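Take a look at the letters that make up each chain.
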Amino acid sequence: MTEAPVSARRERTRERLLDAAAQVFAALGFGAASVEAITDAAGFTRGAFYSNFESKEELFLALTDRQARAHIAALEVAVAGLGGDVVHDRHVDRSAIRTVLGIVTEGKAPEARWHVVNVEFELLAMRDPAIAAAWRTQQRTLRAELAEALTRLLAPLGLRFATDADVAVELLLGTYEAAARDAYVAGSDVPDPRALEALVDLLITEA
């Protein structure tokens, strides 16, 4: 049986709840953020929340999915804007890497702060097998989509991954998340891009 399409009104309600959740999670963290705080920020009742999401955990996964897809879309735009001179002496120009990173993260929730929320949720997943299963399924899907997008975007630039795309994405994300963690501990919202730049230099080569 085909699911009924989501009404425009319900979709707007859902998006407002996601917008509010992004702000509340970033400000309070996942554990301290209550359903009431999220609905108050969105201007809705608990009924509106539970007509769209079964739990705060389901809302978090929906928000993670939306943010990841926004990053991939921004990545498409950023890489499409690179010129043909992105490679110098067989190395990817590091200023181009910074440009892409800046475009992808512009206007998003502060990355270092959001990293802490993700860590909270991962700890919750470690204690709850049902949440862990949903989290791992989502992460596999999103990382596979990112690997496909990067492989496709690199080709017109005459570039490719020097290793399996899935492995490259795991290394890139792990390095970026470590930089986000270090930035937060140091009191900054801006991760140091140098480790990521060095890793890109190792992982991306001429086709």
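Preceding this section is the structure that the text describes.
Described below are features of the structure shown in this document. (Residues numbered from 1 in each chain as written. Predicted model: local features only at pLDDT ≥ 70, side-chain atom pairs only at ≥ 80, totals over all residues. Heavy atoms only, no water.)

## Structural notes on the nonpolar core
- Grouped together as the largest cluster of nonpolar side chains are 27 residues, with contacts concentrated most on L75, V92, F161, L172 and I204.
- Tallying contributions element by element places helix α7 (residues 129-154) first for this core, with six residues.
- Not counting chain neighbours up to four residues away, the residues in contact with V92 comprise V86, I97, L159, V200, D201 and I204. (Core = buried A, V, L, I, M, F, W, Y, C linked by side-chain atoms within 4.5 Å. Buried < 20%, exposed > 50% of the residue type's maximum accessible area, 1.4 Å probe, protein only. Helix = DSSP H or I, 4+ residues; strand = E, 2+ residues; numbered from the N terminus. Contact = heavy atoms within 4.5 Å.)

## Focus: the environment of L154
- With respect to the secondary-structure elements, L154 resides in helix α7.
- L154 sits in the buried class, given a relative accessible area of 9%.
- Contacts of L154, omitting those with residues within four sequence positions, involve L159, R160, F161 and I204.

## Side note on empty space enclosed by the protein
- Under the criterion given, the structure shown has one cavity of 30 Å³ or more.
- The set of elements that each furnish at least two residues to the lining of the largest cavity consists of α8 (165-185) and α9 (194-203).
- Of the residues belonging to the lining of the largest cavity, the class tally is seven nonpolar, one polar and one charged. (1 Å grid on protein atoms, 1.4 Å probe; cavity = no way out; pocket = protein on both sides within 12 Å on 5 of 7 lines; lining within 4 Å. Points joined across faces, edges and corners; volume = space filled by probe spheres on them. Nonpolar A, V, L, I, M, F, W, Y, C, P; charged D, E, K, R; others polar.)

## Thoughts on a nonpolar patch on the surface
- There is a patch of nonpolar side chains on the surface, built from V119, L123 and M126 and spanning about 290 Å² of accessible area.
- Inspection of the secondary structure assignment puts L123 in helix α6 (residues 111-127).
- Exposure remark for L123: the relative accessible area of 39% places this residue in the partly exposed category. (Patch = residues over 30% accessible without salt bridge, like charges linked within 9 Å, V, L, I, M, F, W, Y side chains within 5 Å. Areas by Shrake-Rupley, 256 points an atom, 1.4 Å probe, with all protein chains shown as cover. Salt bridge = Lys/Arg side-chain N within 4 Å of Asp/Glu carboxyl O.)

## Thoughts on α8
- With 21 residues, α8 extends 30 Å between its outermost C-alpha atoms, agreeing within 8% with the 30 Å of an ideal straight helix rising 1.5 Å per residue.
- Buried residues of α8: A165, A168, V169, L172, Y176, A179, A180 and A183, and no others. For α8, the angular spread of buried residues about the axis comes to 100 degrees, placing them on one side.
- The N-capping residue of α8, defined by a side-chain oxygen 3.0 Å from the backbone nitrogen of D166, is D164. (Expected span 1.5 Å × (residues − 1). Arc of directions from axis to C-beta. Polar contact = N/O pair within 3.5 Å; in protein donor to acceptor, adjacent residues only side chain to side chain.)

## Observations regarding the environment of A80
- Along the polypeptide, A80 turns up in helix α4 (residues 56-80).
- C-alpha of A80 to C-alpha of P156: the two residues are 76 residues apart in sequence and 9.2 Å apart in space.

## Details of the packing of α7 against α8
- α8 packs onto α7 with a crossing angle of 105 degrees between their chain directions and a minimal axis gap of 9 Å. Relative to α8, the element α7 lies roughly perpendicular. Every residue of α8 that contacts α7 at R143, L146, A147, L150 and T151 is listed here: A165, D166, V169, E170, L173 and E177.
- Among the residues forming the contact of α7 with α8, the class breakdown is six nonpolar, one polar and four charged. (Axes fitted to C-alpha atoms, helices over the stretch in contact; angles between N-to-C directions. Parallel < 35°, antiparallel > 145°, perpendicular 65-115°, else oblique.)

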